[in-house]
Amino acid sequence: MTTPITATTRLFRFVQWTLRPDRDDDAPPLTYAFRCLALGDDDTECGARSKSTTEPIDSQDWAFAHMRAHPEHTSYAEVIERPWVMWREGST
Ligand SMILES: [Zn+2]
């Protein structure tokens, strides 16, 4: 199940704060990486990870290159970093 990306509002010290995805022009970029989940003979995770990139296809290319080097490593997790920002009610 996918969790929707929505703003969350809380009252903190009598000031209304909203936490929301930062989509401003100067916000940090959304980044993507892949991490290898394959388990070794001793059940420890490989843990190899691509660099974080702003283009999802670049981290997917890393997964294919990693599998070419380790043909038994076929399980991966995508790691997405999405910038969020706290916004105070009444500020501009
Ligand atoms: Zn691996």
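It should be noted that the structure appears before, not after, this text.
Notes on the structure in this doc start here. In every chain, residue numbers begin from 1 and rise along the written sequence. Restriction of local features to residues with pLDDT of at least 70 applies here, the model being predicted, together with a cutoff of 80 or more for giving and counting side-chain atom pairs; totals for whole chains, interfaces and linings are based on all residues. Derived side-chain values reflect all non-hydrogen atoms in the structure, with water molecules and hydrogen atoms excluded from consideration.

## Re the overall build of the protein chain
Assigned secondary structure in the protein chain consists of one helix and five strands. Numbering of helices and strands runs from the N terminus; a helix is a DSSP stretch of H or I covering at least four residues, while a strand is a stretch of E covering at least two. Along the protein chain, from the amino end to the carboxyl end, the secondary structure elements read β-β-β-α-β-β. Principal-axis analysis of the C-alpha atoms places the extent of the protein chain at approximately 55 × 30 × 20 Å. We call a residue buried when its accessible area falls under 20% of the maximum for its residue type, exposed when it is over 50%, and partly exposed in between, using a 1.4 Å probe and counting protein chains only. When each of the 92 residues of the protein chain is scored for burial, the buried share is 20%.

## Structural notes on the coordination of the zinc ion
Listed donors are limited to N, O and S atoms within 2.8 Å of the metal, widened to 3.2 Å for Na, K and Ca; water is not among them, so incomplete-looking sites are possible. Each protein donor to the zinc ion is listed here as Cys-36 (SG), Cys-46 (SG), His-66 (NE2) and His-73 (ND1); together their distances run 2.1 to 2.4 Å. Taken together, the four donor atoms surrounding the zinc ion define angles of 106 to 113 degrees at the centre, an arrangement classified as tetrahedral. Donor residues binding the zinc ion come from one chain and are separated in sequence as C-x9-C-x19-H-x6-H. On the criterion of sequence distance, the pair formed by Cys-46 in the loop between strand 3 (31-36) and helix 1 (56-69) and His-73 in the loop between helix 1 and strand 4 (76-81) is long-range, its members being 27 residues apart. What makes Cys-46 partly exposed here is its relative accessible area of 32%. Tetrahedral means four donors with every angle between 85 and 135 degrees, whereas square planar (four donors) and octahedral (six donors) require angles over 155 degrees between opposite donors and between 65 and 115 for all others; sites fitting neither are termed irregular.

## Describing unusual backbone geometry
Phi at Asp-43 takes a positive value of approximately 65 degrees, unusual for a residue other than glycine. Topologically, Asp-43 is positioned in the loop between strand 3 and helix 1. With a relative accessible area of 59%, Asp-43 lands in the exposed category.

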